[in-house]
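# Chain and residue survey
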Amino acid sequence: MKQKNYIKLEFPSKSINEGFARTTVACFAAQLDPTLEEIGDIKTAVSEAVTNAIVHAYPDVIGKVTLRARIMEGNTLEIVVRDLGLGIADIEQAKTPLFTTGGQERSGMGFTIMESFMDKLSVRSVPGRGTTVTMRRKISMRIGG
């Protein structure tokens with residue numbers, strides 16, 4: 001699939017940057033003329049991915065989070081969130097609803113939410129070396145828009 005446009009952001013794993021990341025991706029995705037529902041879904045998925053990197057990859061330190069968004073052929077948005085943190089020992093277990101390593105205040109629904117709001121989700125991780133979450137969403141072509 002050929003890339004038509006892209007952005008790349010890098011920021012410290014501070015919770016204040018989650019809102020910046022989700023808004024930036026929403027603004028970038030606007031060129032695809034998404035519906036409000038599609039924008040909401042994208043923002044929610046980005047929030048979950050970035051929050052996972054902040055909370056789980058770097059629980060005791062401030063690390064680096066990289067976010068890349070690409071507009072691909074076929075009106076498809078691809079979002080990649082990468083950290084160089086702790087990594088995930090068992091990805092399938094981490095994707096299980098309600099499983100969390102983040103303590104009682106965490107719902108354990110991050111990957112489930114990402115999967116439900118995006119068309120495709122893939123997670124690659126190496127313990128001690130970080131995690132890469134890749135999400136894709138095809139934006140519907142509106143007639144007469």
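First things first, this report covers the structure right here in the doc. (Residues numbered from 1 in each chain as written. Predicted model: local features only at pLDDT ≥ 70, side-chain atom pairs only at ≥ 80, totals over all residues. Heavy atoms only, no water.)

## A closer look at the overall build of the protein chain
When its secondary structure is counted, the protein chain shows four helices and five strands. Reading the protein chain from its N terminus to its C terminus gives the helix and strand order β-α-α-β-β-α-α-β-β. Burial status across the protein chain gives 46% buried among its 145 residues. Taken as a whole, the protein chain presents about 8,000 Å² of accessible surface, with 52% of it coming from carbon and sulfur. (Helix = DSSP H or I, 4+ residues; strand = E, 2+ residues; numbered from the N terminus. Buried < 20%, exposed > 50% of the residue type's maximum accessible area, 1.4 Å probe, protein only. Areas by Shrake-Rupley, 256 points an atom, 1.4 Å probe, with all protein chains shown as cover.)

## Brief notes about unusual backbone geometry
A negative phi holds for most residues other than glycine; trans holds for most peptide bonds. For aspartate 33, which is not a glycine, the phi torsion comes out positive at approximately 60°. Despite not being glycine, asparagine 75 has its phi angle at roughly 60°, a positive value. Tracing the backbone shows asparagine 75 in the loop between β2 (64-72) and β3 (76-83).

## Let's talk about helix α4 (residues 110-117)
Buried residues of α4: Gly110, Phe111 and Met114, and no others. One side of α4 holds all its buried residues, which, seen down the axis, span an arc of 95°. (Arc of directions from axis to C-beta.)

## Describing the environment of phenylalanine 11
The residue phenylalanine 11 is located in strand β1 (residues 3-12) in this model. Considered as a pair, phenylalanine 11 and threonine 66 are 55 residues apart in the sequence and their alpha carbons are 6.6 Å apart. Look past the residues within four positions of phenylalanine 11 in its chain and what remains in contact with it is Asn17, Ala21, Val50, Gly63, Lys64, Val65 and Leu67. (Contact = heavy atoms within 4.5 Å.)

## Section: the side chain of glutamate 18
Looking at the element boundaries, glutamate 18 is found in helix α1 (residues 16-29). For the buried glutamate 18, which has no salt bridge, the nearest side chain bearing the opposite charge is arginine 22, at an N-O separation of 4.0 Å. With near-sequence residues (within four places) excluded, glutamate 18 lies in contact with Ser47, Val50, Thr51 and Ile54. (Lys, Arg positive; Asp, Glu negative; His and termini not counted. Salt bridge = Lys/Arg side-chain N within 4 Å of Asp/Glu carboxyl O.)

## Considerations on the nonpolar core
Grouped together as the largest cluster of nonpolar side chains are 37 residues, with contacts concentrated most on Leu67, Leu77, Ile79 and Met135. Broken down by element, the residue count for this core peaks at nine residues, all from helix α2 (residues 36-57). Not counting residues within four places of it along the chain, the set of residues in contact with methionine 135 comprises Ala45, Val46, Ala49, Leu77, Glu78, Ile79, Met114, Met118, Lys120 and Leu121. (Core = buried A, V, L, I, M, F, W, Y, C linked by side-chain atoms within 4.5 Å.)

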